[in-house]
Amino acid sequence: MDQVDEVKSKVDIVEVISSYIPLKKSGRNYAALCPFHSEKTPSFMVSPERQVFKCFGCDQSGDVLTFLEKKEGWEFREALEELAKRAGVKLAAFKPTGGSRIKEKLVAINNLTVKFYKFLLNKHKVGQIARDYLFKRGIPQALWEKYDLGFAPSGWETLADFLTKRGYSLSDIAIAGLVIGRGAGKSQGYYDRFRNRLMFPIKDGRGTVLGFAGRLLSDSQKEAKYVNSPETPIFTKGNLLFGLDVGRGAIREKGEVVLVEGEFDVLSSYKAGITNVVASKGTALTQMQVATLSRLCERVILCFDTDLAGDAAARRGIELLDLAGMTIRVAKLGKHKDPDEMAQKDPAGLRKALTSAVDVYDYFIDSAVSRNDPARAVGKKKIGQEVLPIIASISDDLVRAHYIEKLASILGLEAAMVADAVARKSQDFNQIVDESKTGASTRGVTREKYFLALLLAQKEILGDIFKRVSGEDFSDETAGRLFKFLHDIIRRQKSPNRQTLLGNLPKDLAAYVDELFLVDLPSEFVEREKWAAELARVSRVIRRESLARQLAGISQKLSTLQGKSDEKQVATLLARFNKISENIRELVSR
């Protein structure tokens, strides 16, 4: 047993996860509302027997180490060290993997780069132009130092020379995204990505520098105003929020985050006394950004310079915030173009705008009404086209009903008519789950998985079931392979049981079996008679579906033979068709 297995054997996944979220006993497992996405009905299952978890809503799954990595945002090493402390296991010298060594090197390169850029901005004469620019923008030195701003000079190889002299190779610096290859055949291989730009380090919530954004000091230049680090092994732009390391404590304390678009919006807002502020670097919020915010607070105030009503990307981000269960409001900036300008010219007004922010769905309706006359038919139509999909996307039934009533009142229509229109739009947003397929409350589980979960629900495997259905009857290849494996055990063992299965299970089927143990089966199937009856019922359904697929295949072959003279083949296919039809009738009559 290696140390990873030793640590896992000495901790209980139920105990660890229950320290984060409340777990409720559900048959052989424990259930909870998923900590990784918003839901009303528990679909997050934990198996004490297999020491694994899975959410059947968002598909997150794994063992206790995976849970800590996902929940805390830790690397594998950090999660293992935390569990080792809990278990009282002293870890031997940890040998990092190749991937973790690369990540550590990239973080070290970024940290050294931040120090270099900061020195140039704060103490070197070359940084005077950037200091003047910041003072002109109303940003005091104490504030730019708080966010670790720096300056990249205009030289083509300034940073490259600095880092190579300190032992880093140009190839590693390129992987970090800080230099760019010139192309084949050139005497000089690389040049600095960021030149003559104000530099903003982009960090995670713990302050680790993962990437950079560089802004030109003049908007009149032909180059792009902002240049960001490319995707690297440690940097994915859509996963991070600028200013989170500084604002994290205030966000937790207030239970609320002010979400702005750009770096200067963050700096100026902080200067105006708004400390719980972060920037999305664009209005298109991602699921990772939303997950990060939802772990810190329950409320978000959107303070964008973009017109949210006309921005489809912003609306998608709002849907993600809603699904995460966050309360969403919108601050109106009046005549000011963005939070940066308002914070500089009217800081008290910005604070008041945040205090009086309106619910996001009121904002959408009011915006649509302000641009279209609800008294005219054409105005009603345009308002409906704009607002109905937004109301349909609201995850909470009561909130959705409230805005149906409001929109109906504004348009002078019956609420039932608006509700019907919203319901039709809802088909684009809500997946309809047919629970009758399995005969039990197993949301997100296929019938074949449900059947195999049933088969393994008792300690003794019901051998008679293999006379009712075969591995070829499964449409899912993995399910069929597992069923054949079980059948082989039945033939070799006189009294096969789950322990025999788990002791001989092929590695490539282990994860699939973990999921089967996480299926939330009704408690009535603890009784062996009811369990066996349900198992027999579902086996008949699987067999019937298999026969139906075979019939469809024969019908297709017969249609291709129409008008051809191969009477023998047609006769053979018809005989098979009739035999399968008879088998189906027998199954239905049972």
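For the structure itself, look to the data block above.
Residue positions are counted from 1 within each chain, in the order its sequence is given. Only residues with pLDDT of 70 or above have their local features reported here, since the model is predicted, and side-chain atom pairs are shown and tallied only from 80 upward, although totals for entire chains, interfaces and linings are computed over all residues. Think of the side-chain values as coming from all heavy atoms in the structure, minus any hydrogens and water.

## Some remarks on the overall build of the protein chain
Part 1 of the reasoning: The helix count covers DSSP runs of H or I at least four residues long, the strand count covers runs of E at least two residues long, and both are numbered beginning at the N terminus. Helix and strand counts for the protein chain stand at 25 helices and 16 strands.
Part 2 of the reasoning: Across the 590 residues that make up the protein chain, the buried fraction comes to 46%.
Part 3 of the reasoning: Whether two residues touch is decided by their heavy atoms; if any such pair falls within 4.5 Å, the residues are in contact. Taking the intrachain contacts of the protein chain between residues at least 6 apart in sequence as the baseline, contacts between residues at least 24 apart amount to 63%. Each residue is assigned to one of three classes by its accessible area relative to the maximum for its type, calculated with a 1.4 Å probe on protein chains only: buried under 20%, partly exposed between the two thresholds, exposed over 50%.

## Comments concerning the pattern of salt bridges
Part 1 of the reasoning: Think of a salt bridge as a Lys or Arg side-chain nitrogen and an Asp or Glu carboxyl oxygen that are within 4 Å of each other. In this structure the tally under the stated criterion is 27 salt bridges.
Part 2 of the reasoning: Across the salt bridge formed by E515 and K54, the nearest N and O atoms sit 3.4 Å from each other. Of the two residues, E515 sits in helix α23 (residues 507-518) while K54 sits in strand β4 (residues 52-55), which places them 461 residues apart along the sequence. Grouping residues by exposure puts E515 and K54 together as buried.
Part 3 of the reasoning: Taking the shortest distance from any N to any O, the salt bridge between E223 and R197 comes out at 3.6 Å. One end of the pair, E223, is in the loop between β10 (209-216) and β11 (226-228); the other, R197, is in strand β9 (residues 197-203), with 26 residues separating them in the sequence.
Part 4 of the reasoning: Members of the salt-bridge network, linked through shared partners, are K54, D59, K449 and E515.

## Examining the packing of helix α17 (residues 377-392) against helix α18 (residues 397-411)
Helix packing for two helices is described by the angle between their axes and how far apart those axes are.
Part 1 of the reasoning: A fitted line through C-alpha atoms represents every axis, and for helices the fit uses only the stretch in contact; the resulting angles, taken between N-to-C directions, go from 0 to 180 degrees. Where α17 contacts α18, the axes come no closer than 11 Å and their chain directions differ by 175 degrees. Compared by their axis directions, α17 and α18 come out roughly antiparallel. Residues K380, I383, V387, L388, I391 and A392 of α17 touch α18, and the partners they reach there are R400, Y403, I404, L407 and L411.
Part 2 of the reasoning: Polar here means any residue outside two lists: the nonpolar Ala, Val, Leu, Ile, Met, Phe, Trp, Tyr, Cys and Pro, and the charged Asp, Glu, Lys and Arg; Gly therefore counts as polar. Looking at the contact of α17 with α18 residue by residue, the classes come out as nine nonpolar, no polar and two charged. Each angle receives one of four descriptions, namely roughly parallel if under 35 degrees, roughly antiparallel if over 145, roughly perpendicular if within 65 to 115, and oblique otherwise.

## Here we look at the nonpolar core
Part 1 of the reasoning: For the purposes of this section, nonpolar cores are sets of buried Ala, Val, Leu, Ile, Met, Phe, Trp, Tyr and Cys residues that join through side-chain atoms within 4.5 Å. In terms of nonpolar packing, the biggest core is built from 59 residues, with L149, L178 and L198 touching the most fellow members.
Part 2 of the reasoning: Sorting elements by how many residues they give to this core places helix α5 (residues 98-122) first, with seven residues.
Part 3 of the reasoning: With residues up to four places along the chain from it excluded, the contact list for L178 reads I109, N110, T113, L159, L163, I173, Y191, D192, R193, F194 and F212.
Part 4 of the reasoning: The next biggest cluster of nonpolar side chains, apart from the first, holds 42 residues, and it includes V300, F364, A368 and I383.

## Some details on the sheet that holds β4
Part 1 of the reasoning: Taking strand neighbours across the sheet as the criterion, the five strands line up as β1-β2-β3-β4-β5 in an open arrangement whose pairing is antiparallel. Looking along the sheet, the strands with just one partner apiece sit at the ends: β1 (24-26) and β5 (61-62).
Part 2 of the reasoning: Here α23 sits on the sheet in contact with β2 (29-32), β3 (44-47) and β4, set at roughly 75 degrees to β4. In this analysis, strands are considered paired if DSSP registers two or more bridges between them.

## A short note on the sheet that holds β9
Part 1 of the reasoning: Judged by pairing direction, the sheet is antiparallel, and its four strands sit side by side in the order β6-β9-β10-β11 without closing on themselves. With partners counted over all chains shown, the strands left at the sheet margins are β6 (150-152) and β11, one partner each. Neighbour-to-neighbour, the strand axes of this sheet turn through a mean angle of 35 degrees, independent of strand direction.
Part 2 of the reasoning: One ladder, built from seven bridges, connects β9 with β10; its direction is antiparallel.

## Looking at the pairing of strand β12 (residues 256-260)
Part 1 of the reasoning: Counting buried positions along β12 yields five of five residues, so the element is predominantly enclosed.
Part 2 of the reasoning: Burial of the side chains of β12 extends over both faces: E256, V258 and V260 are buried on one face and V257 and L259 on the other.
Part 3 of the reasoning: Here β12 pairs with strand β14 (residues 299-302) via four bridges, running parallel. Within β14, the residue paired with V258 across the bridge is I301.
Part 4 of the reasoning: Note that β12 and strand β13 (residues 277-279) share three bridges and pair parallel. Bridge pairing in β13 links V260 to A279.
Part 5 of the reasoning: Throughout, right-handed denotes a crossover for which the path from the first strand over the helix to the second runs clockwise when the strands point away from the viewer. Chirality of the crossover, the property in question, places the unit of β12, helix α11 (residues 263-271) and β13 among those that are right-handed.

## Section: the packing of aromatic side chains
Part 1 of the reasoning: When the centres of two rings from Phe, Tyr and Trp lie within 6.5 Å, Trp using its six-membered ring, the rings pair. Their planes under 30 degrees apart give stacked, over 60 give edge-to-face, and anything left gives tilted. Taken as a whole and assessed by the stated rule, the structure comprises 23 aromatic pairs.
Part 2 of the reasoning: On the basis of an interplanar angle of 35 degrees and a centroid distance of 4.7 Å, the ring pair of F466 and F483 is categorised as tilted. Pair noted here: F466 is in the loop between α20 (447-455) and α21 (477-492) and F483 is in helix α21, with a separation of 17 residues, a long-range link. We note that F466, like F483, is buried.
Part 3 of the reasoning: Through successive ring pairs, a cluster of aromatic residues spans Y133, Y147, F200, F242, F264 and Y270.

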